[in-house]
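Remarks on the overall topology
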Amino acid sequence: MKISPSILSADFTRLGKELSDIEAAGADYVHVDVMDGHFVPNITIGPFVVEAVRKATALPLDVHLMIDEPEKYVSDFAKAGSDIITVHVEATKHLHKVVQSIKDHGKKAGVSINPATPVNTLENIINDVDLVLIMSVNPGWSGQGFIQSSLKKIEAVRRMIEETGKPIELEVDGGIKISNMKEAARAGADVFVSGSGVFGTKDYKATIEAMKKEALSVRAKV
Ligand code: DX5
Ligand code: ZN
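Quick summary incoming for the structure in this document. From a predicted model like this one, the values you see are computed outputs, not experimental measurements. (Residues numbered from 1 in each chain as written. Chains lettered and ligands numbered in written order. Predicted model: local features only at pLDDT ≥ 70, side-chain atom pairs only at ≥ 80, totals over all residues. Heavy atoms only, no water.)

Protein-derived ligands of the zinc ion (ligand 2) are His31 (NE2), Asp33 (OD), His64 (ND1) and Asp173 (OD), with the metal-ligand distances lying across 2.0 to 2.3 Å. Seen from the zinc ion (ligand 2), its six donor atoms lie at angles of 69 to 170°, and the figure they make is octahedral. On the primary sequence, the residues serving as donors to the zinc ion (ligand 2) are separated as H-x1-D-x30-H-x108-D. Note that Asp33 is positioned in strand β2 (residues 30–35) and His64 in strand β3 (residues 61–66), a separation of 31 residues in sequence. Just as Asp33 is buried, His64 falls in that class too. (Donors = N, O, S within 2.8 Å, 3.2 Å for Na, K, Ca; no water. Tetrahedral: all angles 85-135°; square planar, octahedral: opposite > 155°, others 65-115°. Helix = DSSP H or I, 4+ residues; strand = E, 2+ residues; numbered from the N terminus. Buried < 20%, exposed > 50% of the residue type's maximum accessible area, 1.4 Å probe, protein only.)

Structural data, given as structure tokens:
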């Protein structure tokens, strides 16, 4: 059970402090949302900021590329200090090639699908990845509501992962709060991205602990 707070909801005027606070609070990864104004309407973070984040935390950097033609930027984000680089199946014509390129840079490779993209688009790539990210909101902004139909997709991908027999992580991203951790965990997610659900609360430690407790309470029964 891992919590990956998305810094998109952090206070960027004091990002270093926000990073040390989530690290002290028990976060497992730092989720970095990269948007290019093409694949999604919004524009956010580039490799320079990732490089600064790398210097400010010891946590693994979970970099989510919501950009078209991610193959053009894998090298920059790898050099900036990313640990996991996740690309969207909708964003490239050469998914297998970009996944191999991430691995050639010595990084963990993730693939993500948007809410309306079927899980069968993962069938011919799942054996090559370290992580699958299911979007439970339409990518672009933090603070949106969780799309309930994502749960069925998480269940289906959990089954696909079991069939591979590999330790592939199943990450859910968008609208995750303490209140819906249980249903996401029950569906089979084991990495939980949360932006506003963590940074929008006062006590990050209490929030992350409560999130893990909720997820583990479901898992323990399985
Ligand atoms: C959405 C991003 C998410 C987002 C999560 O485009 O990929 O990571 O920041 O934010 P919340 O948890 O507030 O939905
Ligand atoms: Zn994200």
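To continue, consider the packing of aromatic side chains. Tallying each qualifying case throughout the model produces one aromatic pair. When the centroid spacing of 5.4 Å and the interplanar angle of 75° are considered together, the rings of Phe199 and Tyr204 count as edge-to-face. A relative accessible area of 9% places Phe199 in the buried class. (Phe/Tyr/Trp six-rings, centres within 6.5 Å; stacked < 30°, edge-to-face > 60°.)

Moving on, we get to the site of ligand 1. In the neighbourhood of ligand 1, 20 residues make up the surrounding shell, with Asp33, Gly140, Asp173, Gly195 and Ser196 lying closest. Here His64 contributes a side-chain N or O atom positioned 3.3 Å from an oxygen atom of ligand 1. Contacts to ligand 1 include Gly143, whose backbone N or O atom sits 2.8 Å from an oxygen atom. Protein coverage of the free-state accessible area of ligand 1, which is 380 Å², stands at 100%. Among the cavities detected, the one that contains ligand 1 is the largest cavity. Every element with two or more residues in the shell around ligand 1 is listed here: β2, β3 and β8 (191–194). Per-element accounting of the shell around ligand 1 gives the leading share, three residues, to β2. Within the shell around ligand 1, the residues separate by chemical class into seven nonpolar, 11 polar and two charged. (Near = heavy atom within 4 Å. Polar contact = N/O pair within 3.5 Å; in protein donor to acceptor, adjacent residues only side chain to side chain. Areas by Shrake-Rupley, 256 points an atom, 1.4 Å probe, with all protein chains shown as cover. 1 Å grid on protein atoms, 1.4 Å probe; cavity = no way out; pocket = protein on both sides within 12 Å on 5 of 7 lines; lining within 4 Å. Sits in = over half its atoms within 2 Å of the grid points. Nonpolar A, V, L, I, M, F, W, Y, C, P; charged D, E, K, R; others polar.)

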